[in-house]
Amino acid sequence: MQSFFALLRKIIRTGVGKGRFFMASIGLGIAMVLILIALQANTDFNQLLYSDKNQNETADFLVINKKVTNSMMGQPEKSVFSPTDIENVRKQPFVQAVGLITSSQFKVVAQAPGELHFATDMFFEAVPDSFIDVKEDDWKWNPGDRTIPIILPNDFLNLYNFGFSLSQNLPQISQETVKALPLQVVISNNLVSETYTGHIVGFSDRISSFLVPATFMNWANEKYAGTTTAATSRIVIKTADPSNPALVKFLDDNGYTANQDKLKFSKTRVIVQTIVSVIGFFGLILLLFALLVFSMFIQLVIASCRKEIQLLVTLGTAPRQLQRYLLKQFVPLYFIIGILSLVLVTILQYFAAGLLAKHDMVVNPLPGIGTIIGTVLILVLVYIVNVSTVRRYILQDQ
Amino acid sequence: MQIQLDHLLPVPLKDKILQRKSGIWNENIQFNPGSFVKIKAPSGTGKTTLVHYLYHIRYDYTGSVLIDGKPWSGYNRNETASLRQQKISVIFQDLRLFEQLTALENIELKRVMNSQPYCTVEKVQEMAARLNVTHVLNQSSKTLSYGERQRIAIIRALVQPFEWLFMDEPFSHLDEDNTSRAAALIAEECKTRNAGFILTDLDHDQHFDYDVLYQL
């Protein structure tokens, strides 16, 4: 025996405008895929930015200084950070810590020992220890010590090994050798001159400067220059996310510059976010049109069976029975489309994760929770639109 | 279930009706449960209109039709549907079968509309046999004669539970033999349900033992 719905199927023909319904289904599918891709891309990008697995250590620290422009030349005080400037930097939400870079107020000449015949005027800078990426037991100085621990920038050794030494026919030196070399450091002001032994304890990728312990710097500044409060022209900040567009904007607004390389990521991020938003936006527009076509299709079905629906109601069919029947004709398809879209995005994500893994970027090969919630929300939205359309037109018809 | 007419008067026939005496229109009438009611009416006096008012598919009247003391307008759509599935059945003058369904499917539609059917499939076959329509059950209702359709409509009205059955000239296209078979079946089905009916027709007849007679 046939069920009630099987009989209804013979009376209420949903075949009217099937082509339109088919197109709307494809539209819904594409819309869902686009929206899910946008959500997933966002999740992936966040994972690349913030996940521990992808964190490269230098990304956390930025050395900031004021831009030196032609109009400032000859007025070094203009490139100095005032206490208000520093307080302002410290207040920014994306700044976790601020360290002042103190520069030496005395003259320094460094000489390499023995055959190297290397002597140069130079300078020292100091930052609080927590900002230094070299962890060495030797990195300490107490008043009276004749040996000064020094950290060199990695770039400096590279410049020497691959630029200077080759052109001057000098030997290349390894990090170990440099650490073993006792450097003669002559510190002087206009009145006195003293010789210390410099000991290279490490190489820093983070701060491009010749660093000495802050304790030595304070002592030496006071001793040779008679001041402890040297003006600060460079600061180092610790930030969770150097690609944060707000940070880049803050630097631009205040005329500060930082290691450009680290900030480039921010541009990439803005571009990726724009592309993702555009994809998501088109997905949403397409979803709206699909919903519109669906509700027009339901309207068409109901209108084309107006007489039949009226007779069914006359014979005692409850509006809720009709509603359930009509929804049963459409809703399973939406769920199939939703699940297919999610499966497609999962496959894409799986391949994307594989590709990124080759470049040492780790993302989860499965779609994120946001994507799954997105799928559910879209399906709920489609369902609500359908229910309200069916309800409105069935009731209107009587 | 009580059915009560309280000064019921169709708006389009108002002037015509007020000029003459009517036993139904503009009166206060109560139909008692289980009674067989005959309403005799000449053409054009609003016979079909009355059935439509009783079944609540036309609303252009003044006064009211009270179902268990409550006017039809007090029932919402789902309650109305439930009354039509459980307590009130109808045989329209214009029959109102679905042409896209077979005769049997038309009956089935009404039978399985209720998730717990009142009648069995065998019962339907038995009623079809009694009314001599077994051979047309699987034909499209479009191809049936008016008399055959009338009998299908009668069976359709009898497959559901009801307390009242409204009939609008139910035997208009049946010969004498088929009329008495149909009348016997209807009377039997009403008795098993302790149900009453309201039948409207043009002339006097002896098809049933009527309890009440009205002149429209």
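Residues numbered from 1 in each chain as written. Chains lettered and ligands numbered in written order. Predicted model: local features only at pLDDT ≥ 70, side-chain atom pairs only at ≥ 80, totals over all residues. Heavy atoms only, no water.

Engineer: I would appreciate a short explanation of the interface of chain A and chain B in the present structure.
Structural biologist: The parts lose accessible area when they come together, and the size of an interface is often stated as this lost area. Contact residues are listed per partner, giving 21 residues for chain A and 22 residues for chain B. Contact between chain A and chain B buries roughly 2,000 Å² in total, counting both sides, with carbon and sulfur atoms accounting for 65%. On the surface where chain A and chain B come into contact, there are one salt bridge. In this structure, the salt-bridge partner of A:K10 is B:E105, at a minimum N-O distance of 2.3 Å. Applying the counting criterion to the chain A and chain B interface returns eight residue pairs in polar contact (both at pLDDT 80 or more). At the level of elements, α1 (4-11), α9 (306-314) and α10 (319-358) of chain A are the ones that each hand at least two residues to the side of chain A that touches chain B. The element that contributes the greatest number of residues to the side of chain A that touches chain B is α9(A), accounting for five residues. (Contact = heavy atoms within 4.5 Å. Buried area = accessible area lost by both parts, 1.4 Å probe. Salt bridge = Lys/Arg side-chain N within 4 Å of Asp/Glu carboxyl O. Polar contact = N/O pair within 3.5 Å; in protein donor to acceptor, adjacent residues only side chain to side chain. Helix = DSSP H or I, 4+ residues; strand = E, 2+ residues; numbered from the N terminus.)

Engineer: Explanation requested: a nonpolar patch on the surface in the structure shown.
Structural biologist: Among the surface-exposed residues, A:V278, A:F281, A:F282, A:I285, A:F289, A:L292 and A:M296 lie close enough to one another that they form a single nonpolar patch of about 690 Å² accessible area. With respect to the element layout, A:M296 can be found in helix α8 (residues 260-304). (Patch = residues over 30% accessible without salt bridge, like charges linked within 9 Å, V, L, I, M, F, W, Y side chains within 5 Å. Areas by Shrake-Rupley, 256 points an atom, 1.4 Å probe, with all protein chains shown as cover.)

Engineer: Would you mind going over the side chain of B:T49 with me for this structure?
Structural biologist: With respect to the helices and strands, the residue B:T49 is situated in helix α2 (residues 47-55). Not counting the four nearest positions on each side in its chain, B:T49 is found in contact with B:P10 and B:R58.

Engineer: Looking at this structure, I do not really get the environment of A:L7. What am I missing?
Structural biologist: The topology assignment puts A:L7 in helix α1. Under the relative-accessibility criterion, A:L7 is labelled buried at 0%. What A:L7 contacts, discounting residues up to four positions off in sequence, is A:Q2, B:L101, B:E105, B:E108, B:L109 and B:V112. (Buried < 20%, exposed > 50% of the residue type's maximum accessible area, 1.4 Å probe, protein only.)

Engineer: Would you take a moment to explain empty space enclosed by the protein for this structure?
Structural biologist: Gaps left between atoms are located by rolling a probe of water-molecule size over the structure's atoms. All names here are of chain B. Tallied over the entire structure, the rule returns two cavities of 30 Å³ or more. Computed from the structure, the largest cavity encloses a volume of approximately 50 Å³. Of all elements in the fold, only β6 (88-91) and α6 (146-158) reach the threshold of two or more residues within the lining of the largest cavity. Considering each element in turn, the lining of the largest cavity owes the most residues, three residues, to α6. Looking at side-chain class alone, the lining of the largest cavity contains five nonpolar, two polar and two charged residues. (1 Å grid on protein atoms, 1.4 Å probe; cavity = no way out; pocket = protein on both sides within 12 Å on 5 of 7 lines; lining within 4 Å. Points joined across faces, edges and corners; volume = space filled by probe spheres on them. Nonpolar A, V, L, I, M, F, W, Y, C, P; charged D, E, K, R; others polar.)

Engineer: Before we go on, may I ask you to explain the packing of aromatic side chains in this structure?
Structural biologist: For any pair of aromatic rings, geometry is given as the distance between the ring centres together with the angle between the planes. A full pass over the atoms with the stated rule returns 34 aromatic pairs over all chains. When the ring of A:F156 is compared with that of A:F210, the centres are 5.0 Å apart and the planes differ by 85 degrees; the resulting orientation is edge-to-face. Note that A:F156 is positioned in helix α4 (residues 154-168) and A:F210 in the loop between β8 (193-204) and α6 (214-225), a separation of 54 residues in sequence. Classification of A:F156 as partly exposed rests on a relative accessible area of 32%. Their ring planes at 40 degrees and their centres at 5.9 Å tell us that A:F216 and A:W219 sit as a pair that is tilted. Here A:W219 and A:F216 lie together in helix α6, a separation of three residues that amounts to about one turn. For A:W219, a relative accessible area of 25% translates into the label partly exposed. Ring pairing ties together the aromatic residues A:F106, A:W141, A:Y196, A:F216, A:W219 and A:Y224, which thus form one cluster. Across the ring face of A:Y196, the terminal group of A:R146 is positioned such that the distance to the ring centre comes to 4.3 Å. Here B:K70 stacks its cationic end above the ring of B:Y75, 4.5 Å away from the centre of that ring. (Phe/Tyr/Trp six-rings, centres within 6.5 Å; stacked < 30°, edge-to-face > 60°. Lys NZ or Arg CZ within 6 Å of the ring centre and 35° of its normal.)

Engineer: Honestly, the domain arrangement of chain A in this entry has me stumped. Any pointers?
Structural biologist: Residues and elements named next belong to chain A. Per the domain assignment, the segments making up chain A are domain 1 (4-54 + 266-396) and domain 2 (57-261). Placing a centre on the C-alpha atoms of domain 1 and another on those of domain 2 gives a separation of 58 Å. Between domain 1 and domain 2, the buried area comes to about 410 Å², and carbon and sulfur atoms account for 55% of it. There are zero salt bridges connecting domain 1 and domain 2. The tally of links from domain 1 across to domain 2 stands at zero residue pairs in polar contact (both at pLDDT 80 or more). Here the side of domain 1 that touches domain 2 takes three residues from α8, the largest share from any one element. A breakdown of the residues in the side of domain 1 that touches domain 2 according to their chemical character gives three nonpolar, one polar and one charged. (Domains from an automatic or database assignment.)

Engineer: Explain the layout of surface pockets here, please?
Structural biologist: The calculated volume of the largest pocket comes to roughly 630 Å³. What lines the largest pocket is a set of 24 residues, and nearest its centre among them are A:K307, A:Q310, A:L311, A:V313 and A:T314. When contributions to the lining of the largest pocket are tallied by element, the ones reaching two or more residues are α9 of chain A together with α3 (77-86) of chain B. Looking at the lining of the largest pocket, its residues break down into nine nonpolar, nine polar and six charged.

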